[in-house]
Amino acid sequence: MAKVIVDAQAARAIGKGAMIVFKKGVVRTEGDFEPGDIVEVYTRGGKFLGRGFVNPNSNIMVRLLIKDKETPITKELFRERIKKANEYRKKVLGYDKAYRMVYGEADYLPGLIVDRFNEIASIQISSVGMERFKLDLAEAIMEAEPEIETVFEKNTGRSRRREGLPEIERVLLGKEKYRTVIEEGKAKFIVDMRGQKTGFFLDQRENRIALEKYVKPGMRVLDVFTYTGGFAIHAAVAGAEEVVAVDKSPWAINMVKENAKLNGVEDRMKYITGSAFPVMEEMIKKGEKFDIVILDPPAFVQHEKDLQRGLRAYFNVNYAGLKLVKEGGILVTCSCSQHVDMQAFKDMVIAAGAKAGKFLKMLEPYRTQAPDHPILMASKDTEYLKCLFLYVEDMH
């Protein structure tokens, strides 16, 4: 079997529990291999560290699956790990019908994401090696959770392209089904497999539910980058008088309208199809103000080299958001960029507050992704979502 030799830093990370080997940590390789083959990983001194899928064309050179020499990498291994990941969500975390069933390396299955929405499971594969086991994975998902009738492969996006994999959206196994309705706190949502990512952003679940307690009758709420209306619908259901949902995607805004009707709050919703920055600038010019402003943008930082440019984009959107919050109002601001850590995010918000002439008080502890997206302590990459609930006051 071919070998990948890693430097001391990569070896230490693996020893602490990391499941991926970046190309920059590879010293040399021995033997021949193709993308998706299984290789063994060693230190310079010849110590065995583990086995996993290799892809020399990716920034992630090896995705480790096992750290002993005996265990074979077979469909039985995947079946056992998917079953264990599902049981953790149900028995330990208490999730029932809608949750992230598998979260990559945090469940020792790097390159695999599985979201469950009632009887539909949506999978994303970002590993050439994992792609070879695609049908086995789908069968294992249905076996682990018998209520699942459809496995939909939502294999699109940058992670696929970076691995050199084709983009595919289709029912992989089971019934031809694309839509279902899930419950979340006081709200209900239509999940459509033809939307972004795996169909719905489950990682913000607890943060959306937390919003409900701050919404009071008569409030005016702005939800920017609303997608299918996650925060907006929760605000309306919790009693807001007017909720303005903004997204540049006409498809997403149509989904917000459907979700508003589903929850019986369409009379309190307003919709704007347009890019966030010009929409917010126009609102500032008009002197509009909101009791609560929610900012949940896409990842502005895709690579470490984009950090400063991405932080500037976050600064600009937060500055605009703060200009739209009433005195004594609330800003809920988020980042899903894994390269922006909580301290960098906090510093950016402080700077935006200073420029906007606002004092900011934390209403909630630092919030992150829902626990069905577990953070593996040894892996920084598994912790990506930041969410701050801030009380906004004018500087005097």
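The structure we're discussing is the one just above.
The text that follows walks through the structure, step by step, so that each part is easy to find.

Basis of the calculations
- Residues numbered from 1 in each chain as written.
- Predicted model: local features only at pLDDT ≥ 70, side-chain atom pairs only at ≥ 80, totals over all residues.
- Heavy atoms only, no water.
- Helix = DSSP H or I, 4+ residues; strand = E, 2+ residues; numbered from the N terminus.
- Rg over C-alpha atoms; globule rule 2.2 N^0.38 Å.
- Contact = heavy atoms within 4.5 Å.
- Areas by Shrake-Rupley, 256 points an atom, 1.4 Å probe, with all protein chains shown as cover.
- Lys, Arg positive; Asp, Glu negative; His and termini not counted.
- Charge placed at Lys NZ, Arg CZ, Asp CG, Glu CD.
- Salt bridge = Lys/Arg side-chain N within 4 Å of Asp/Glu carboxyl O.
- Buried < 20%, exposed > 50% of the residue type's maximum accessible area, 1.4 Å probe, protein only.
- Pairing = 2+ DSSP bridges.
- Axes fitted to C-alpha atoms, helices over the stretch in contact; angles between N-to-C directions.
- Expected span 1.5 Å × (residues − 1).
- Arc of directions from axis to C-beta.
- Phe/Tyr/Trp six-rings, centres within 6.5 Å; stacked < 30°, edge-to-face > 60°.
- Parallel < 35°, antiparallel > 145°, perpendicular 65-115°, else oblique.
- Left-handed = near helix turned anticlockwise from the far one by under 90°.
- Nonpolar A, V, L, I, M, F, W, Y, C, P; charged D, E, K, R; others polar.

This brings us to the overall build of the chain. A count of helical and extended segments in the chain gives eleven helices and 20 strands. Expected size for 396 residues packed as a compact globule is a radius of gyration near 21 Å; at 22 Å, the chain falls within 12% of this value. With the principal axes as the frame, the chain shows a C-alpha extent of 65 × 45 × 35 Å. Summarising the internal contacts of the chain: among those between residues at least 6 apart in sequence, 65% fall at separations of at least 24. For the chain, the exposed surface amounts to about 17,300 Å²; the carbon and sulfur share of it is 51%. When the 63 basic and 57 acidic side-chain charges of the chain are each reduced to a single mean position, those positions are 3 Å apart.

Summed over all chains, the structure comprises 35 salt bridges. Measuring nitrogen to oxygen at the nearest pair gives 3.1 Å for the salt bridge that ties Lys134 to Glu153. With Lys134 in helix 4 (residues 134-144) and Glu153 in strand 10 (residues 150-155), this pair connects stretches of sequence that are 19 residues apart. Glu153 carries the same exposure label as Lys134, and that label is buried.

A separate point is the sheet that holds strand 4 (residues 38-43). In spatial order, the strands read 2-6-5-4-1-3; together these six strands make up an open sheet with mixed pairing. If you trace the sheet from one side to the other, it starts and ends with strand 2 (20-22) and strand 3 (26-30), each paired once. Within the sheet, the average angular offset between the axes of one strand and its neighbour, ignoring direction, is 35°. Of the pairings in the sheet, the one linking strand 1 (residues 3-6) to strand 4 comprises four bridges and is parallel in character. When the sheet's bridge partners are listed, Val6 is paired in strand 4 with Thr43. Across the face of the sheet, helix 1 (residues 8-16) comes into contact with strand 1, strand 2, strand 4, strand 5 (48-54) and strand 6 (60-66) while running at roughly 105° to strand 1.

Spanning 18 residues, helix 2 (residues 75-92) covers 25 Å between terminal C-alpha atoms, matching the ideal 26 Å at 1.5 Å per step. Here helix 2 has its buried residues at Leu77, Phe78, Arg81, Ile82, Ala85, Asn86 and Arg89. All buried residues of helix 2 lie within an arc of 160° about the axis, which places them on one face of the element. In helix 2, those exposed residues whose orientation departs by more than 90 degrees from the buried face are Lys84, Lys91 and Val92. Lining the buried residues of helix 2 we find strand 5, strand 6, strand 7 (98-103), strand 8 (112-117), helix 3 (128-131) and helix 4. Gly94 occupies a position one or two residues after helix 2 and carries a positive phi of about 80°.

Turning our eyes to something else, we now look at the packing of aromatic side chains. Applying the stated rule across the entire model yields 15 aromatic pairs. Ring geometry for Phe225 and Phe300: centres 6.4 Å apart, planes at 75°, overall edge-to-face. You can see Phe225 sitting in the loop between strand 14 (220-224) and helix 7 (230-237) and its partner Phe300 sitting in the loop between strand 17 (290-295) and helix 10 (307-323), a full 75 residues away along the chain. Take Phe225: its relative accessible area is 18%, and that puts it in the buried class. Under the relative-accessibility criterion, Phe300 is labelled partly exposed at 22%. Their ring planes at 35° and their centres at 6.4 Å tell us that Tyr227 and Trp251 sit as a pair that is tilted. One end of the pair, Tyr227, is in the loop between strand 14 and helix 7; the other, Trp251, is in helix 8 (residues 250-262), with 24 residues separating them in the sequence.

Let's shift gears to the sheet that holds strand 11 (residues 168-174). With mixed pairing, five strands are arranged side by side in an open sheet as 7-8-9-10-11. Sheet topology places strand 7 and strand 11 at the edges, where each strand pairs with a single neighbour. In this sheet, neighbouring strand axes are inclined to one another by 20° on average, regardless of whether the strands run parallel or antiparallel. Here strand 9 (residues 120-125) pairs with strand 10 via four bridges, running parallel. Paired with Ile120 across the strands is Thr150, a residue of strand 10. Packed on one face of the sheet, helix 2 meets strand 7 and strand 8 and runs near 140° to strand 7.

Packing of helix 2 against helix 4 brings their axes to within 9 Å, and their N-to-C directions diverge by 40°. Taken together, the axes of helix 2 and helix 4 lie oblique to each other. Helix 2 and helix 4 meet at a crossing whose hand is right-handed. Of helix 4, the residues touching helix 2 (which contributes Lys75, Phe78, Arg79, Ile82, Lys83 and Asn86) are Asp136, Leu137, Ala140, Ile141, Glu143 and Ala144. Across the contact of helix 2 with helix 4, the residue classes break down as six nonpolar, one polar and five charged.

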